Amino acid sequence: MSEPLGDLTRTHTCGALRASDVGAEAIVLGWVHRIRDLGGVAFIDIRDREGVSQVVVRENEALMAVAKRLRSEYVIGVSGVVQRRSEDTVNPKLATGEVEILAREIRLLNEAKTPPFQIAEDGPVSEDVRLRYRYLDLRRPRLQHNIGLRHRVSIAIRKYFDANGFWEVETPILAKSTPEGARDFLVPSRVHPGEFYALPQSPQIFKQILMIAGADRYFQIVRCFRDEDQRADRQLEFTQVDVEVSFARPETIYGLIEPLMPEILKEVGREVPLPIRRMSYSDAIAAYGSDKPDLRCGMEIHDLSEAFRDAEFRVFKQIVAGGGVVRGFAVRGGNRYSRSQLDVLVDQARQMGFSGLIWARPGEPPLSSVKSLGEATLRPALDRVKATSDDLLLMAAGPAEGTSKLLGQLRLAIAKRENLLNPEAFEFLWVTDFPLLEYHAEDGRWYSMHHPFTAPLDEDIEKLESDPGAVRAKAYDLVLNGSEIGGGSVRIHSAALQARIFQCLGITGEEAKLRFGFFLEALEYGTPPHGGIALGLDRIVAILAGEASIREVIAFPKTANAVDLMAGAPSPVDPKQLRELHLKTQN
């Protein structure tokens, strides 16, 4: 039988007691973490989100009877006096490990069924089971730590922006569908049959409207929704830190966001060297094969084309003569690889899409997987990648961007296999000067690489109609350890320029008015230059927590199949609701 809480009032959390509290009266409330019955004495570990305290029951038959009834995850209240543990029972792994509570009362507040997995132990449990019983999973130390870290990061962000003159303004959740990129979640209107709201993929238009409205500096920690396939770093609903500033240049945004990063990393006791390094999109692709490069492992990709322009190796020579490139990188310590290991590496490269992968070992003379590559060709290539005698040079040839992207994939695969991505290191990078547009051959049209409100570089505007693929954007991404944790741009504030961009995207004036009419009209009422960024809160916290998936830092995430196993969503609805919404389902 459970007992009422009554007047039992917590004096300390379960993680608060220290040696300085010896002799104090204490009341703690929480869950039974573990219990050890040694006959005449019982030890009960009681847990709440702040930690664990040890309770001892000794020489008290009534309390021993209560203790014998307890099981893991029962909810209890304990009152007693704090005493020092004996030297041989001090637990240095616990913040409360020097003391214990000698119980005077134990009140059983609620019983619990046997959990489907251990709460006290952070052992392996299938993700489906964890998500089905998420309320139990959230009790475990790992998730408690992650959710607490998320809270502290959110508080640090709010304090920072408040101190820098920003207003947090809430934007609509029920908005207009403006499909561009990911699919919208649609919400049918009951009072407007056949019409729909959309859940926002981003507050993009509304935050720009706020700049037109004179808000000057806006931020919001906001929920966003995208109906797209799930990944480890992607959910149907996610949280971003949304920022917009009037009279902004890219430097304005860099200057605002860079000082925020140390405030965030303080929550895990780390520092961020400032300023953050910057790299253009084209340089990032060339040197790392990615627009979100992980800098922790080095292994920069180098252009080796000149070394092969007159080489005896005909394949590389012809590719260079035809306008292609030879590129490669040094695997630090890779000279130790056996021939069989190199064969596995070459096979792995073929599976990634390489037409061929060439390796070379430094030495006197250097050795290569292609016999016709002599020292006169290999030596300049090895020097270019700064290979030492312990390293291995890997090379591929073909079109510039495609070759670098394949080498970038291989580079990361090797880095993961060789444990070169130090989880304790935090390497930030600004990637800048993205292409404004990207061409999709399947439907023969241009699309925005970021979104259609991104401003082109001033010096590239004249190329919009004549050479749209060469136009660069005032866009920037913030990258941390190979993950894009933020993306933004300076926006278009001219109605005439916005119309030109829509024309480049194949959006007619009529279509633009239908989709963005209120926004285009607003641009004509004195819009200041403005820009901003959105930071992915889920991704940031996951990296700080050392988690591979953002599901580990979200209280109630969906599965990889976009299902809430705990609540059973999505689910069918009552036919009456469908009739009220003027909807019918089709099988």
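Small disclaimer: the values here were computed from a predicted structure and weren't measured. Each chain carries its own residue numbering, running from 1 in the written order of its sequence. A pLDDT threshold of at least 70 governs which residues receive local features in this predicted model, and a stricter bar of 80 or more applies before side-chain atom pairs are shown or counted, although totals over entire chains, interfaces and linings include all residues. Only heavy atoms go into the side-chain values, all of them from the structure, while hydrogens and water stay out.

Asks: Got a sec to walk through the overall build of the protein? Specific residues and values, please.
Replies: The helix and strand labels rest on DSSP assignments: H or I over at least four residues marks a helix, E over at least two residues marks a strand, and numbering proceeds from the N terminus. Summing up its helical and strand segments, the protein has 17 helices and 22 strands in all. With respect to the principal axes defined by its C-alpha atoms, the protein has extents near 90 × 75 × 55 Å. Among the 587 residues that make up the protein, the fraction classed as buried is 48%. Considering only contacts in the protein between residues 6 or more positions apart, those separated by 24 or more positions represent 67%. Charge assignment in this entry is limited to Lys and Arg as positive and Asp and Glu as negative, and neither His nor the chain termini are counted. Positions of charges follow a simple convention, taking NZ of Lys, CZ of Arg, CG of Asp or CD of Glu. Across the protein, 73 positive and 82 negative side-chain charges occur, with their mean positions spaced 3 Å apart. Classification of residues uses two cut-offs on accessible area relative to the type maximum, computed with a 1.4 Å probe and protein chains only: under 20% is buried, over 50% is exposed, and between them is partly exposed. Contacts: residue pairs with any heavy atoms within 4.5 Å of one another.

Asks: How would you summarise the sheet that holds strand β12 (residues 302–303) if you had to cite specific residues and measurements?
Replies: Paired strands, in this sense, are two strands between which DSSP finds at least two bridges. Pairing is antiparallel across the open sheet formed by five strands, whose spatial order is β12-β13-β16-β14-β15. In this open sheet, the two strands that pair with only one neighbour each are β12 and β15 (367–368). Helix α13 (residues 400–417) rests against β13 (325–331) and β16 (392–398) of the sheet, and its axis sits at about 15° to β13. Here an axis means a line fitted to C-alpha atoms, over the contact stretch when the element is a helix, while the angle between two N-to-C directions is reported on a 0 to 180 degree scale.

Asks: Account for the nonpolar core, with residues named and values stated.
Replies: By convention a nonpolar core is built from buried Ala, Val, Leu, Ile, Met, Phe, Trp, Tyr and Cys residues, the set being connected through side-chain atoms within 4.5 Å. Within the largest apolar cluster, 41 residues are counted, with the highest numbers of intra-cluster contacts made by Phe161, Met261 and Phe428. Top contributing element to this core by residue count: helix α16 (residues 537–545), with seven residues. The residues contacting Met261, other than those within four sequence positions of it, are Val272, Ile276, Phe428, Leu478, Ile485 and Leu535. Counting 35 residues, the second-largest nonpolar core is a separate cluster that includes Tyr281, Leu437, Ala473 and Ala522.

Asks: Provide a residue-level description of the packing of aromatic side chains, including the pertinent values.
Replies: Classification of ring pairs rests on two measures: the distance between centres of Phe, Tyr or Trp rings, Trp counted by its six-membered ring, which must be within 6.5 Å, and the angle between planes, read as stacked under 30 degrees, edge-to-face over 60 and tilted in between. All told, the structure shown has 16 aromatic pairs when counted by the stated rule. Ring geometry for Tyr133 against Tyr135: centres 6.2 Å apart, planes inclined by 80°, an arrangement best described as edge-to-face. Using a relative accessible area of 26% as the deciding quantity, one classes Tyr133 as partly exposed. Ring geometry for Tyr281 versus Phe434: centroids 5.3 Å apart, planes at 45°, classification tilted. You can see Tyr281 sitting in helix α8 (residues 281–288) and its partner Phe434 sitting in the loop between β17 (428–432) and β18 (437–440), a full 153 residues away along the chain.

Asks: Account for the packing of α8 against α13, naming residues and giving values.
Replies: Direction vectors running N to C along α8 and α13 enclose 60°, while the axes themselves pass 7 Å from each other. Between α8 and α13, the angle falls in the class oblique. Contact residues: α8 offers Tyr281, Ile285, Ala286 and Tyr288, while α13 offers Glu401, Ser404, Lys405, Gly408 and Arg411. For this classification, Asp, Glu, Lys and Arg are treated as charged, while Ala, Val, Leu, Ile, Met, Phe, Trp, Tyr, Cys and Pro are nonpolar and the rest, including Gly, are polar. Looking at the contact of α8 with α13 residue by residue, the classes come out as four nonpolar, two polar and three charged. Under this scheme an angle from 65 to 115 degrees is roughly perpendicular, one under 35 degrees roughly parallel, and one over 145 degrees roughly antiparallel; angles in between are oblique.

Asks: Lay out helix α6 (residues 250–257) with the relevant residues and their values.
Replies: Given 3.6 residues to a turn, an α-helix orients residues that are three or four positions apart in the same direction. For α6, every residue scored as buried is listed here: Ile253, Tyr254, Leu256 and Ile257. Buried residues of α6, seen end-on, are gathered within an arc of 165° and therefore sit on one face of the element. Of all possible arcs, the one meant is that of the directions from the helix axis to the C-beta atoms.

Asks: Go over the sheet that holds strand β3 (residues 51–58), please, and point to the residues and values.
Replies: Overall, mixed pairing links the five strands, which are arranged β1-β2-β3-β5-β4 in a closed barrel. Neighbour-to-neighbour, the strand axes of this sheet turn through a mean angle of 55°, independent of strand direction. Relative to the sheet, helix α1 (residues 61–69) contacts β1 (25–37), β2 (41–48), β3 and β5 (99–110), its axis offset from that of β5 by approximately 65°.

Asks: Explain empty space enclosed by the protein residue by residue, including any values.
Replies: In this analysis the probe radius is 1.4 Å and the grid spacing 1 Å, with only protein atoms considered; a cavity is a set of points the probe fits into but cannot get out of, a pocket is an open set with protein on both sides within 12 Å along at least five of seven lines, and lining residues have an atom within 4 Å of a point. Grid points are joined across faces, edges and corners, and a volume is the space filled by probe spheres set on the points. Throughout the structure, instances matching the rule amount to one cavity of 30 Å³ or more. Here the largest cavity is characterised by a volume of approximately 40 Å³. Lining the largest cavity are Leu131, Arg134, Phe556, Pro557, Asp564, Leu565 and Met566. By residue class, the composition of the lining of the largest cavity is five nonpolar, no polar and two charged.

Asks: Give a description of the pairing of strand β14 (residues 358–361) that names residues and reports values.
Replies: Residues Ile358 and Ala360 point to one face of β14 and Trp359 and Arg361 to the other, with burial holding for every one of them. Where β14 lies against β16, three bridges are found, and the strand directions are antiparallel. Across the sheet, Ile358 pairs through a bridge with Met395, a residue of β16. Counted between consecutive antiparallel strands, the loop separating β14 from β15 contains five residues.

Asks: Go over the pattern of salt bridges with me, naming the residues and quoting the values.
Replies: Counted as salt bridges are all cases of a side-chain nitrogen of Lys or Arg within 4 Å of a carboxyl oxygen of Asp or Glu. For the structure on display, the rule yields 46 salt bridges. For Arg130, the salt bridge goes to Glu552, with nearest N and O atoms at 2.6 Å. You can see Arg130 sitting in helix α2 (residues 127–132) and its partner Glu552 sitting in the loop between α16 and α17 (575–580), a full 422 residues away along the chain. Judged on exposure class, the residue Arg130 and its partner Glu552 are both buried. Measuring nitrogen to oxygen at the nearest pair gives 3.0 Å for the salt bridge that ties Glu237 to Arg223.

Asks: Which residues make up the packing of helix α5 (residues 204–212) against helix α15 (residues 509–523), and what are the values?
Replies: Here α5 crosses α15 at 25°, and the two axes come no closer than 10 Å. In this view, α5 runs roughly parallel relative to α15, as classed from their interaxial angle. As α5 packs across α15, the resulting crossing turns out to be left-handed. Where α5 approaches α15, its residues Ile205, Gln208, Ile209 and Ile212 are matched on the opposing element by Phe516, Phe518, Phe519, Ala522 and Leu523. Helix crossings get a hand from a simple test, with the near helix turned counterclockwise from the far one by less than a right angle marking a left-handed crossing and a clockwise turn marking a right-handed one.

Asks: Describe the pairing of strand β20 (residues 475–480), and please don't skip the residues or the numbers.
Replies: For β20, a buried count of six out of six residues is recorded, marking the element as mostly surrounded by other parts of the structure. The alternating pattern of β20 places Ala475, Asp477 and Val479 and Tyr476, Leu478 and Leu480 on opposite faces, both of which are buried. As judged from the five bridges shared by β17 and β20, these two strands associate in the antiparallel manner. Bridge assignment links Thr432 to a residue of β20, and that residue is Tyr476.

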